[in-house]
Amino acid sequence: MNRRATSLLLTASLLIGTASAVHAALPEEATLYKNPQCGCCDEYARQLEERGVSVTIVDDEDMGKIKQEAGLPYGLGSCHTILMGGYAIEGHVPFEAVERLFQELPEIDGIGLAGMPIGTPGMPGPKRDDWNVYQFTDQEPSLFMTL
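Residues numbered from 1 in each chain as written. Predicted model: local features only at pLDDT ≥ 70, side-chain atom pairs only at ≥ 80, totals over all residues. Heavy atoms only, no water.

Engineer: Report on the pairing of strand β3 (residues 80–84), specifying residues and quantitative values.
Structural biologist: For a regular strand, the rule is simple: side chains alternate between the two faces of the sheet. A large share of β3 lies buried, amounting to four of its five residues. Bridge count between strand β1 (residues 29–34) and β3: four bridges; the pairing is antiparallel. For Lys-34, the partnering residue across the bridge sits in β3 and is His-80. With four bridges joining them, β3 and strand β4 (residues 87–90) adopt antiparallel strand pairing. Following the sheet pairing, Thr-81 is matched in β4 by Glu-90. Between β3 and the antiparallel strand that follows it, β4, lie two residues; Gly-85 among them carries a positive phi value of about 60 degrees. (Buried < 20%, exposed > 50% of the residue type's maximum accessible area, 1.4 Å probe, protein only. Helix = DSSP H or I, 4+ residues; strand = E, 2+ residues; numbered from the N terminus. Pairing = 2+ DSSP bridges.)

Below is the structure:
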């Protein structure tokens, strides 16, 4: 094998290993609470499953109660709440932020993205603006990251 082929093989191995490590950081299971008519929530669950997470979808729940128990700050909700790996993930949080959460494992209640921004996982259309993903503990938000 020549030097170039060896170099390409080594680079490909490293990239595959890095991608596996990112996915390995996500928990194996999640529960997604949503309104039964919400199709974008189902799409988010499907994309999460593509990342190796088994998602249980729960319809017809008292979403206000779920969000309150999760410690979600008032006014920063979205259409679904996910409980996963000891954290709450509110709304259509981009997977880059979810992966960072499980790589860093900060001492917080969870992360969220308010509303239903176009272009986020599960929401159709191209990205239009920056997304401010917040972190929260005891219903107090602060910035987690901007994407």
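Engineer: Before we move on, could you go through the pattern of salt bridges and cite the residues and values that matter?
Structural biologist: Opposite charge on two side chains lets them pair, provided their charged atoms get close. For the structure on display, the rule yields six salt bridges. With a closest N to O distance of 3.0 Å, Asp-59 and Lys-34 form a salt bridge. Pair noted here: Asp-59 is in strand β2 (residues 54–59) and Lys-34 is in strand β1, with a separation of 25 residues, a long-range link. Its relative accessible area of 1% is what places Lys-34 among the buried residues. (Salt bridge = Lys/Arg side-chain N within 4 Å of Asp/Glu carboxyl O.)

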